[in-house]
Amino acid sequence: MEKRIGEHPILGKPQKGKLVTFTFDGAAAQGYEGEPISAALAAAGVSVHRYTAKAHKPRGIFCAIGRCTDCVMVVDGEVNVRACVTPLRAGMDVKTQRGVSAV
Amino acid sequence: MKRYDLIVVGAGPAGLSAAIEGAKRGLKTVIFDENEKPGGQLFKQIHKFFGSKEHRAKIRGFKIGEELLAEAAGLGVEVVLNAAVIGLYQEKEVVVRIGEAVRHYKGDAVIVATGATENAVYFEGWDLPGVIGAGAAQTMMNLHGVRPGEKVLMLGAGNVGLVVSFQLLQAGCEVVAVADAASAVGGYGVHAAKVARTGVSFYLSHTIIKAEGGDRVNAVTIAEVDERFQFIPGTEKRFEVDTVCLAVGLSPMCQLLKMAGCRVLEIPAKGGQVPLVGTRGETSADGIFAAGDVSGIEEASSAMIEGRIAGIAAAEYLGYAVNAELEAAIAENEAALSELRQGMFAPGRRGDMVEFTDEGIHVSVSLLKKGYVNDEEIARFTSASETPGFRPIIECTQNIPCNPCRDVCPRNCIKVESITALPRLNEYNACSGCGLCVASCPGQAIFLVNGDVGGGFANVTLPYEFLPLPKEGDRGVALGRDGQVVCEAWVSKAQISSAFDKTNLLTIKVPAEMAGKARFFKSKGAV
Ligand SMILES: Cc1cc2nc3c(=O)[nH]c(=O)nc-3n(C[C@H](O)[C@H](O)[C@H](O)COP(=O)(O)OP(=O)(O)OC[C@H]3O[C@@H](n4cnc5c(N)ncnc54)[C@H](O)[C@@H]3O)c2cc1C
Ligand code: FES
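Given the structure is predicted, the values throughout are model-derived calculations rather than measurements.

What about the site of ligand 1?
Residues and elements named next belong to chain B.
Link 1 in the chain: Near ligand 1 lie 33 residues; those nearest to it are Asp33, Gln41, His47, Val85 and Asp293.
Link 2 in the chain: Within the contact set of ligand 1, an oxygen atom lies 2.6 Å away from a side-chain nitrogen or oxygen of Asp33.
Link 3 in the chain: A distance of 2.8 Å is found between an oxygen atom of ligand 1 and a backbone nitrogen or oxygen belonging to Asp293.
Link 4 in the chain: Protein coverage of the free-state accessible area of ligand 1, which is 1000 Å², stands at 94%.

In structure tokens, the structure reads:
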């Protein structure tokens, strides 16, 4: 199923920035500029944002508003970046976070 | 350190309303909100709100947010976004993190309107990707246009769980079930009914045993619980889902108030720890006020009123308003608040099992247990007649504060005596079939029936907020209140009108004896 809502019965067509390319774990991916990184990843079917440091358990979006830190990733080399509240920009380098304690 | 007359924390309905009242009286006002977008909860709410005209009923939540923002901007309120308030001290010093920078501000008065945070619940697999909060689901689909999943199980049958389930359906997701450990639906029955009639099953007295999956949830198991919330072996039900959505309550976020030394109390009926506040929102700390969900979980409508009171009180505290004006405003707003706090869902009655409506009608038990009023029970409230001519069938069976149906009818066909009274039809039925009541009912509980359109058929007009909108001539099936197929149906009309504000009206033709049962339509292709 297409993850993006093409047209919503109440909200109409989602208002989005321009389509840009970024890298996710080394591969090219696409999303809309200004949307949270997590939205672009969810649209691409990515659920896992990180693996916990000790038990290596997968984590993804939980609150989507920047509170729980479940969604942190490595963005442009910086660890523990909350993907749900960090706007996507062209050329960003986004990586699944492994083996780093989340904040 | 930058100084303001009034600093408001949180740009939800309470904070915006407070800032508006302060600014109107000449206070130099700033609002800080940690979000990228202002509006708090309102911006995720795409349904029409309950209440009466004064409470902006039948307007969708996000529109109310836009109206408040425009008003605040017009009055010169400064709204600073991406600004998390991380400290509040007794001297009304406010510490704000804006991006990387930490800034200090001084307010002569401070209003805290930080709202609430979602509660979590723990079960095996609760931490798997795909297990998300209801608020997260709303944020993803309504703000970012991305479906949170394909097949969803909703845990929680309070208003949040019910509203978000409906929103998931609107976004094109499948909701496999709504489960809740409570023995009865906690939210408004009408919110449950509009979900149930699309075919979603309700499991009350059920909770989640475990979620399974590798890198994402792929199944969830629920089971029945007894009165002491212990699992009953052998009652397990397993669903293949990719998403589990949690809507298990909200807790007021009063950390900042605690930090400022305000007295807080543990009041379970208000959602947990709340500040001790007086009638004007004043806390125990001088010049610090609280309004909205932070001082007790309620509604946006009451949050706006509390915000207004706190805004005026702050102005009075600073000498920008006279006490008489404050007293008058308090009296007026308290009257509006008490109107809202009537009926079966009044804050003081939360958790009570209500057996009879205020009118003395036995409530629908099926509504509380299964999410829909069954065919036998509905006869206590309304009935469709098999005669020609239009007649609104109002399936509103609980005393909730809401009356737009009365106000929109151009022929005054509908009476709602007190705001929480059940709507009644006037004896003399002058219905012209305009459909305004069907479109404006926030609970989507009104249907228009023309009991005889010839050939043994009746027309049923229902509210329809899904895409694609079926077209005239489409064939399909009618579903009953319980979401089960009741008969074949044909679309005789699909109406879109700006007066209906996106609640389209679908008129289906069904055998006349089904007019009292057919409440939803599925096209042939979609069955
Ligand atoms: C699914 C759902 C459906 C609902 N339906 C209805 C309905 O039909 N009718 C109705 O009347 N109500 C409804 N409500 C309830 C309503 O949305 C809330 O009661 C209302 O939004 C509370 O307003 P508020 O201003 O107190 O808080 P909020 O709207 O939660 O706003 C608080 C704001 O404060 C900000 N904030 C918090 N902490 C900080 C900080 N430290 N620094 C900076 N900013 C901060 C938050 O980001 C947020 O923007 C619904 C709620 C939900 C979840
Ligand atoms: S999902 Fe909770 S912080 Fe991002």
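From this point, the narrative continues.
Let's talk about the interface of chain B and chain A
Link 1 in the chain: Opposite the 36 residues of chain B that make contact, chain A presents 30 residues.
Link 2 in the chain: Buried surface at the junction of chain B and chain A, summed over both partners, amounts to about 3000 Å²; 59% is from carbon and sulfur atoms.
Link 3 in the chain: Taken as a group, Asp127, His144 and Arg147 of chain B account for 19% of the area that chain B buries against chain A, more than any other trio of residues on that side.
Link 4 in the chain: Summed over the shared surface of chain B and chain A, the result is three salt bridges.
Link 5 in the chain: Between Arg59 of chain A and Asp127 of chain B there is a salt bridge, with its nearest N and O atoms 3.3 Å apart.

Overview of the domain arrangement of chain B
Residues and elements named next belong to chain B.
Link 1 in the chain: Here chain B is described as being made up of domain 1 (2-117 + 251-340), domain 2 (120-248) and domain 3 (380-526).
Link 2 in the chain: Summarising the inter-unit geometry, the C-alpha centres of domain 1 and domain 3 are found 39 Å apart.
Link 3 in the chain: Taken together, the contact pairs twelve residues of domain 1 with 17 residues of domain 3.
Link 4 in the chain: Taking both partners together, domain 1 and domain 3 bury about 1100 Å²; carbon and sulfur atoms supply 58% of that area.
Link 5 in the chain: Our enumeration of links across domain 1 and domain 3 arrives at three salt bridges.
Link 6 in the chain: Notably, a salt bridge pairs Lys53 with Asp407, separated by 3.8 Å at the nearest N-O pair.

Considerations on the nonpolar core
Residues and elements named next belong to chain B.
Link 1 in the chain: Among the nonpolar cores identified, the biggest contains 61 residues, and Leu168, Phe202, Ile508 and Val510 are the most heavily contacted of them.
Link 2 in the chain: Domain assignment of the residues forming this core places at least three in each of domain 2 (120-248) and domain 3 (380-526).
Link 3 in the chain: Not counting residues within four places of it along the chain, the set of residues in contact with Leu168 comprises Ala137, Met141, Pro148, Val152, Met154, Cys173 and Val175.

Describing the sheet that holds strand S24 (residues 457-464) of chain B
Strand pairing in a sheet relies on backbone hydrogen bonds. The paired strands run either parallel or antiparallel.
All names here are of chain B.
Link 1 in the chain: As summarised here, the arrangement of the seven strands in space is S20-S23-S24-S27-S26-S25-S28, forming an open sheet in which the pairing is antiparallel. Edge positions in the sheet fall to strand S20 (390-394) and strand S28 (520-523), since each of these pairs with one other strand and no more. Mean inter-strand twist for the sheet, computed between neighbouring axes without regard to direction, equals 35°.
Link 2 in the chain: Pairing analysis gives five bridges linking strand S25 (residues 475-479) to strand S26 (residues 485-495), with the strands arranged antiparallel. By the bridge assignment, Leu479 is partnered in S26 with Val485.

Quick word on the sheet that holds strand S9 (residues 151-155) of chain B
Residues and elements named next belong to chain B.
Link 1 in the chain: Taking strand neighbours across the sheet as the criterion, the five strands line up as S8-S15-S9-S10-S11 in an open arrangement whose pairing is parallel. Pairing within the sheet leaves two strands with one partner each, and these edge strands are strand S8 (131-133) and strand S11 (201-204). Strand-to-strand twist in this sheet, taken as the mean axis angle between neighbours without regard to direction, amounts to 25°.
Link 2 in the chain: Judged from the four bridges that link them, S9 and strand S15 (residues 243-246) form a sheet pairing that is parallel. Bridge pairing links Leu153 to Val244 in S15.
Link 3 in the chain: Packing against the sheet, helix H3 (residues 134-143) makes contact with S8 and S15, and its axis sits at approximately 85° to S8.

Notes on the side chain of Arg59 of chain A
Link 1 in the chain: As for its position among the elements, Arg59 of chain A is in strand S4 (residues 58-59).
Link 2 in the chain: Exposure remark for Arg59 of chain A: the relative accessible area of 13% places this residue in the buried category.
Link 3 in the chain: Among residues more than four places away in sequence, those in contact with Arg59 of chain A are Ser47, Val48, His49, Arg50, Thr52 and Asp70 of chain A together with Asp127 and Pro129 of chain B.

A look at the environment of Asn80 of chain A
Residue and element names in this part refer to chain A.
Link 1 in the chain: Considering the arrangement of structural elements, one finds Asn80 in strand S6 (residues 78-82).
Link 2 in the chain: Sequence separation between Asn80 and Ala42 is 38 residues; the distance between their C-alpha atoms is 18 Å.
Link 3 in the chain: Among the polar contacts listed, one links the side chain of Asn80 to the side chain of Gln97, at a separation of 2.8 Å.

Focus: the side chain of Thr283 of chain B
Residues and elements named next belong to chain B.
Link 1 in the chain: Topologically, Thr283 is positioned in the loop between strand S18 (272-275) and strand S19 (288-290).
Link 2 in the chain: There is a polar contact of 2.7 Å between the side chain of Thr283 and the backbone oxygen of Ile288.
Link 3 in the chain: With residues up to four places along the chain from it excluded, the contact list for Thr283 reads Leu257, Cys262, Leu276, Val277, Ile288, Phe289 and Ala290.

Things to note about the packing of helix H1 (residues 13-24) of chain B against helix H2 (residues 61-74) of chain B
Residues and elements named next belong to chain B.
Link 1 in the chain: It is at 9 Å that the axes of H1 and H2 come closest, and there the two elements cross at 25°. With respect to each other, H1 and H2 are oriented roughly parallel. Like other packed secondary-structure pairs, H1 and H2 cross with a definite hand, here left-handed. For the pair H1 and H2, the contacting residues are Pro13, Leu16, Ser17, Ile20 and Lys24 in the first and Leu68, Leu69, Glu71 and Ala72 in the second.
Link 2 in the chain: Within the contact of H1 with H2, the residues separate by chemical class into six nonpolar, one polar and two charged.

What to know about the pairing of strand S1 (residues 19-24) of chain A
All names here are of chain A.
Link 1 in the chain: Residues Val20, Phe22 and Phe24 point to one face of S1 and are all buried, whereas Leu19, Thr21 and Thr23, pointing to the other face, are not buried.
Link 2 in the chain: Where S1 folds back onto strand S2 (residues 27-32) in an antiparallel hairpin, the turn is made up of two residues, including Asp25, whose phi is positive at roughly 45°.
Link 3 in the chain: Pairing geometry for S1 and strand S7 (residues 93-95), over two bridges, is parallel. Bridge pairing in S7 links Thr23 to Asp93.

Structural notes on the packing of H1 of chain B against helix H7 (residues 300-317) of chain B
Residue and element names in this part refer to chain B.
Link 1 in the chain: Interaxial distance between H1 and H7 falls to 7 Å at its minimum, and their mutual angle equals 30°. Viewed along their axes, H1 and H7 adopt a mutual orientation that is roughly parallel. The hand of the H1/H7 crossing is right-handed. Here H1 contributes Pro13, Ala14, Ser17, Ala18, Glu21 and Gly22 to the contact with H7, which in turn contributes Ala300, Ala303, Met304, Gly307, Arg308, Gly311 and Ile312.
Link 2 in the chain: For the contact of H1 with H7, a count of residues per class yields seven nonpolar, four polar and two charged.

What counts as what
- Residues numbered from 1 in each chain as written.
- Chains lettered and ligands numbered in written order.
- Predicted model: local features only at pLDDT ≥ 70, side-chain atom pairs only at ≥ 80, totals over all residues.
- Heavy atoms only, no water.
- Near = heavy atom within 4 Å.
- Polar contact = N/O pair within 3.5 Å; in protein donor to acceptor, adjacent residues only side chain to side chain.
- Areas by Shrake-Rupley, 256 points an atom, 1.4 Å probe, with all protein chains shown as cover.
- Contact = heavy atoms within 4.5 Å.
- Buried area = accessible area lost by both parts, 1.4 Å probe.
- Salt bridge = Lys/Arg side-chain N within 4 Å of Asp/Glu carboxyl O.
- Domains from an automatic or database assignment.
- Core = buried A, V, L, I, M, F, W, Y, C linked by side-chain atoms within 4.5 Å.
- Buried < 20%, exposed > 50% of the residue type's maximum accessible area, 1.4 Å probe, protein only.
- Pairing = 2+ DSSP bridges.
- Helix = DSSP H or I, 4+ residues; strand = E, 2+ residues; numbered from the N terminus.
- Axes fitted to C-alpha atoms, helices over the stretch in contact; angles between N-to-C directions.
- Parallel < 35°, antiparallel > 145°, perpendicular 65-115°, else oblique.
- Left-handed = near helix turned anticlockwise from the far one by under 90°.
- Nonpolar A, V, L, I, M, F, W, Y, C, P; charged D, E, K, R; others polar.

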